[in-house]
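Residue-level structural notes
Single-letter residue listing:
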Amino acid sequence: SDFLREVPFDPFLPWIFMGEEIIMSTRLWTSGYDIFSPSQSVVGHMYVRRHKPKFWESVHRVFSHGVHNPLQMLVLNRIKYQLGYPESAKDMILNKSILTAVEQYSMGTERPLEEYLRLVGLNMERKEVTYTEWCETGQPPPGFEKYKHLYPK
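To keep things clear, this report deals only with the structure shown in the data block. Given the structure is predicted, the values throughout are model-derived calculations rather than measurements. (Residues numbered from 1 in each chain as written. Predicted model: local features only at pLDDT ≥ 70, side-chain atom pairs only at ≥ 80, totals over all residues. Heavy atoms only, no water.)

Taken as a whole, the largest pocket spans an internal volume of roughly 580 Å³. Lining the largest pocket are 20 residues, and of these Ile35, Phe36, Ser37, Trp134 and Tyr151 sit closest to its centre. Put simply, the parts of the chain that give the lining of the largest pocket at least two residues each are helix H2 (20-30), helix H5 (113-120) and helix H6 (133-136). Here the element with the most residues in the lining of the largest pocket is H5; it accounts for three residues. Per-class residue counts for the lining of the largest pocket are 14 nonpolar, five polar and one charged. Considered as a void within the structure, the second largest pocket measures approximately 150 Å³ in volume. Forming the boundary of the second largest pocket are Leu83, Gly84, Leu113, Glu114, Leu117, Leu122, Asn123, Met124 and Glu125. Sorting the residues of the lining of the second largest pocket by element identifies H5 and strand E1 (122-123) as the ones contributing at least two each. (1 Å grid on protein atoms, 1.4 Å probe; cavity = no way out; pocket = protein on both sides within 12 Å on 5 of 7 lines; lining within 4 Å. Points joined across faces, edges and corners; volume = space filled by probe spheres on them. Helix = DSSP H or I, 4+ residues; strand = E, 2+ residues; numbered from the N terminus. Nonpolar A, V, L, I, M, F, W, Y, C, P; charged D, E, K, R; others polar.)

Here's what the structure looks like:
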C-alpha cells in the first residue's frame, strides 16, 4: 500500500462507489505504475449479502434513494472532469466547489491520460469502449511485451 503515499485517495470523493476503480487506475498509471491482473481469479467477495447492509445503502440513510443519490452524482462530476468527459469540462460544471484541490488528486505526470485510455479502449468524448484484443486474448498490452513471460501460453 506504499503507492497510496505517492498517489493518495482523493478525500473529496465521499461515498463514491461507481468510479473509484477508474480514477485510481488512471492516476496510478499516469504516475508511472504498471497495472497487472492475474490470469485466474485468486480472491473474490460476496456481492449479494441478504439481510446485511451494503455500502451504497448506508448513503441512503442520509440522502435520497436511487442508484445514485445527489451527492454521488455531484462527486461523479469530479471524476468525469479528471477523465476528460466533455460534459464535465470546467466551464460545464455548475458547482465549481466540486473541483476543490482537484490538482492535488488528479493525473500523474509520467504518462499521458490519453495513452492509458487508448490502451484500455476507452473514448470519453464518444462514450465508446473498443475491443482490446490484448486483454481479451491474455497477451501483454502494446508496449509491454517485455512482460510476456508473465502471461500463460
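Here the focus is the packing of aromatic side chains. Enumeration according to the criterion identifies five aromatic pairs in this entry. Aromatic pair Phe3 and Tyr33: ring centres 6.4 Å apart, planes at 70 degrees, arrangement edge-to-face. With Phe3 in helix H1 (residues 3-6) and Tyr33 in the loop between H2 and helix H3 (55-59), this residue pair connects regions lying 30 residues apart in the sequence. Judged by relative accessible area, which is 31%, Phe3 ranks as partly exposed. Aromatic rings pair up to connect Phe36, Phe144 and Tyr147 into one cluster. Sitting above the plane of the Tyr85 ring, Lys80 keeps its charged end 5.3 Å from the centroid. (Phe/Tyr/Trp six-rings, centres within 6.5 Å; stacked < 30°, edge-to-face > 60°. Buried < 20%, exposed > 50% of the residue type's maximum accessible area, 1.4 Å probe, protein only. Lys NZ or Arg CZ within 6 Å of the ring centre and 35° of its normal.)

The next subject is helix H4 (residues 70-83). Helix length check: H4, at 14 residues, gives a terminal C-alpha distance of 20 Å against a target of 20 Å (1.5 Å per residue), a fit within 8%. Taken together, the buried positions of H4 are Leu71, Gln72, Val75, Leu76, Arg78, Ile79, Gln82 and Leu83. Looking down the long axis of H4, one finds its buried residues gathered within 150 degrees of arc, a one-sided arrangement. Looking at the buried side of H4, the elements it contacts are H2 and H5. Looking at the residues trailing H4, positive phi occurs at Gly84, about 90 degrees. (Expected span 1.5 Å × (residues − 1). Arc of directions from axis to C-beta. Contact = heavy atoms within 4.5 Å.)

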